[in-house]
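# Analysis of the macromolecular model
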Amino acid sequence: MTTITVIPGDGIGPEVTHQGTETLEALGLALDIDVLDHVNAETYLQTRTALSDDDFARVRASASTLLGAVGDARVDSDYARQVLLRLRIELDLFVNYRPARLFHDRLSPLRQPEHRPIDCVIVRENTEGLYSQAGGVLRSGTEHETALDVDINTFHGVSRILDFAFSIATRSVCMVDKSNAVRHGGQLWQRCFQEISSRHPELEITHEYVDAAAMKLVADPTRFDVIVANNSYGDILSDLAAELAGGLGTSASANINGATGFGLFEPVHGTAPDIAGQGIANPIGSILSAALLIERLGYTAEAQAVRNAVNVAIEAGQVTPDLGGQLSTKDAGAAIRAHL
Ligand code: IPM
Ligand code: MG
């Protein structure tokens, strides 16, 4: 038996993650599912510790983790850092892989039909940049309070994320940065990109500044295959790409350590507090994250079967209100499983 850990988290996290695990169970794989349902904001409010060292060890000892979403208006930002960012950084999950592929023409927000079929992957550096936690506050509480978050870019970190991006590209790689304004990190990314590009003459190589990349993604997303960016730009562009592909509720992601193979899989949507507890959250992001998880464990055909079932359910309109349907989270999950 392979053990996988599950962290449902907060907001709509538990509702959608339940559909993700039900789907894995329906596949009848040799998986032992260890649910850490106490890792949430409620626990943090009571104990100030969201993810204990024991929990961390359970996660680390498992083959992979499926996460729902973490966040709560009642807690400070330390909470997300203790859970999600701690796992990403301490388990060195340096790749954030976020595919965006249009499920159905009717879900595209774009006016021109020929520009709708987005099929790209955002490869986001996941352990450095502004998320590295380096920084501090000077003269706190005075008029001269100075807050610093240092944008860390290492040769090691930049090279390995670019290597990963090139390794999965079939058509092209577009590197996104802001090297016209952000000098030092920008130069490092540019230099590494040029070096790696020269080793891949088979691929079309492009570069965009992040502002232009956002504009071009909306103007015609079909021109992109793999987009690689730092932590912050990848965060922003992946929400944009998700919306172009059919909505944030459908979007899945994998946080991967390329060396150990460990992965943390999560929908790109967050806790969605406005609809939490109503039973209408879209389970597709979690179900497709579960598909990415089993795919990395070697269950390629099963992962494809899940994706096909999602496509059939979307085609048939068996979806939650955010996609124009009338089903509840549970019924939308069940409809997908019925097509497996
Ligand atoms: C994401 C989320 C997180 C991030 C938040 C919750 C810290 O937006 O996974 O994209 O910024 O990485
Ligand atoms: Mg985000």
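All figures in this text were calculated on a predicted structure; none of them were measured in a lab. (Residues numbered from 1 in each chain as written. Chains lettered and ligands numbered in written order. Predicted model: local features only at pLDDT ≥ 70, side-chain atom pairs only at ≥ 80, totals over all residues. Heavy atoms only, no water.)

Taken domain by domain, the chain holds domain 1 (1–101 + 248–340) and domain 2 (109–244). A C-alpha centroid distance of 24 Å is found between domain 1 and domain 2. Each side of the interface is counted separately: domain 1 has 18 residues, and domain 2 has 22 residues. Taken together, both faces of the contact between domain 1 and domain 2 bury some 1,800 Å²; the carbon and sulfur share is 55%. Looking at the side of domain 1 facing domain 2, the largest losses of area belong to Phe94, Arg98 and Ala100, adding up to 33% of the total buried there. Counting the contacts that link domain 1 with domain 2 gives 2 salt bridges. Put simply, Arg101 and Asp119 hold a salt bridge, and the shortest N to O gap is 3.4 Å. Taken together, the connections running from domain 1 to domain 2 amount to 12 residue pairs in polar contact (both at pLDDT 80 or more). The set of elements that each furnish at least two residues to the side of domain 1 that touches domain 2 consists of α4 (78–90) and β4 (95–101). (Domains from an automatic or database assignment. Contact = heavy atoms within 4.5 Å. Buried area = accessible area lost by both parts, 1.4 Å probe. Salt bridge = Lys/Arg side-chain N within 4 Å of Asp/Glu carboxyl O. Polar contact = N/O pair within 3.5 Å; in protein donor to acceptor, adjacent residues only side chain to side chain. Helix = DSSP H or I, 4+ residues; strand = E, 2+ residues; numbered from the N terminus.)

So, on to helix α1 (residues 13–26). Counted at 1.5 Å a residue, the expected span for α1 with its 14 residues is 20 Å, and the 20 Å between its end C-alpha atoms agrees. The inward-facing, buried residues of α1 abut β1 (2–9), β2 (31–35), β3 (64–69), α9 (284–296), α10 (300–315) and α11 (329–338). Once α1 ends, the next one or two residues include Gly28, with phi positive near 65 degrees. (Expected span 1.5 Å × (residues − 1).)

Turning to the packing of helix α5 (residues 155–168) against helix α6 (residues 183–198), a few remarks are in order. One way to put it is that α5 packs onto α6 with a least axis distance of 10 Å and a crossing angle of 40 degrees. On the basis of their axis angle, the class for α5 and α6 is oblique. Crossing of α5 over α6 shows right-handed handedness. The residues of α6 that touch α5, namely those facing Phe155, Val158, Ser159, Ile161, Leu162, Asp163 and Phe166, are Leu188, Trp189, Cys192, Phe193, Ile196 and Ser197. For the contact of α5 with α6, a count of residues per class yields 10 nonpolar, 2 polar and 1 charged. (Axes fitted to C-alpha atoms, helices over the stretch in contact; angles between N-to-C directions. Parallel < 35°, antiparallel > 145°, perpendicular 65-115°, else oblique. Left-handed = near helix turned anticlockwise from the far one by under 90°. Nonpolar A, V, L, I, M, F, W, Y, C, P; charged D, E, K, R; others polar.)

Glancing now at α4. Look at α4: only 15 Å from first C-alpha to last across 13 residues, short of the 18 Å you get at 1.5 Å a residue. Largest kink in α4: about 35 degrees, centred on Leu84. Immediately downstream of α4, the backbone of Asp92 shows phi near 50 degrees, a positive value. (Bend = angle between axes of the 7 residues up to and from the residue.)

Our focus in this paragraph is the nonpolar core. Ranked by size, the top nonpolar core spans 51 residues in total, and within it Val123, Leu162, Val228, Ile284, Ile294 and Val310 carry the most contacts. The leading source of residues in this core is α9, at 8 residues. Counting contributing residues per domain, this core is built from domain 1 (1–101 + 248–340) and domain 2 (109–244), each supplying no fewer than three. Residue contacts for Ile284: discarding those within four places in its chain leaves Gly249, Thr250, Val310, Ile314, Val319, Leu323 and Ile336. Residues Tyr44, Leu51, Leu87 and Leu264 belong to the second largest nonpolar core, which totals 20 residues. (Core = buried A, V, L, I, M, F, W, Y, C linked by side-chain atoms within 4.5 Å. Buried < 20%, exposed > 50% of the residue type's maximum accessible area, 1.4 Å probe, protein only.)

For ligand 1, the full set of nearby residues is Arg88, Arg98, Arg124, Tyr131, Asp235 and Glu266. Within the side chain of Arg88, a nitrogen or oxygen atom sits 2.7 Å from an oxygen atom of ligand 1. At 2.9 Å from an oxygen atom of ligand 1 is found a side-chain nitrogen or oxygen belonging to Arg98. Alone, ligand 1 offers 320 Å² of accessible surface; in the complex the protein occludes 73% of this. Each residue belonging to the shell around ligand 1 can be placed in one class, and the counts come to 1 nonpolar, no polar and 5 charged. Two domains each provide a minimum of three residues to the shell around ligand 1, namely domain 1 (1–101 + 248–340) and domain 2 (109–244). (Near = heavy atom within 4 Å. Areas by Shrake-Rupley, 256 points an atom, 1.4 Å probe, with all protein chains shown as cover.)

What follows deals with the sheet that holds strand β9 (residues 204–209). For sheets, the rule is that strands pair by backbone hydrogen bonds, running either parallel or antiparallel. Spatially, the 10 strands line up as an open sheet ordered β2-β1-β3-β12-β11-β4-β5-β10-β8-β9, and their pairing is mixed. At either end of the open sheet lies a strand with only one pairing partner, and these are β2 and β9. Here the strands of the sheet are splayed against their neighbours by 20 degrees on average, with no regard to which way each runs. Taken together, the 5 bridges between β1 and β3 define a ladder with parallel strand orientation. The partner of Ile4 across the bridge, within β3, is Ser64. Across the sheet, α4 lies against β1, β3, β4, β5 (119–125), β11 (252–256) and β12 (263–267), angled at about 140 degrees from β12, the strand it touches most. The strands touched by α6 are β5, β8 (172–177), β9 and β10 (226–229); relative to β8, the strand with the most contacts, the crossing angle is about 170 degrees. (Pairing = 2+ DSSP bridges.)

Geometry of an aromatic ring pair is reported as the spacing of the ring centres plus the angle between the planes. This structure, assessed with the given rule, holds 3 aromatic pairs. With a centroid separation of 6.0 Å and an interplanar angle of 50 degrees, the aromatic rings of Phe166 and Phe193 are classed as tilted. In this pair, Phe166 sits in helix α5 while Phe193 sits in helix α6, placing the two residues 27 residues apart along the sequence. The class for Phe193 is buried, based on a relative accessible area of 5%. (Phe/Tyr/Trp six-rings, centres within 6.5 Å; stacked < 30°, edge-to-face > 60°.)

This paragraph deals with unusual backbone geometry. The residue Asp92 is not glycine, and still its phi comes out positive at about 50 degrees. Along the polypeptide, Asp92 turns up in the loop between α4 and β4. The backbone of Arg139 sits at a positive phi, close to 50 degrees, despite the residue not being glycine. Relative to the assigned elements, Arg139 resides in the loop between β6 (135–138) and β7 (146–149). Judged by relative accessible area, which is 52%, Arg139 ranks as exposed.

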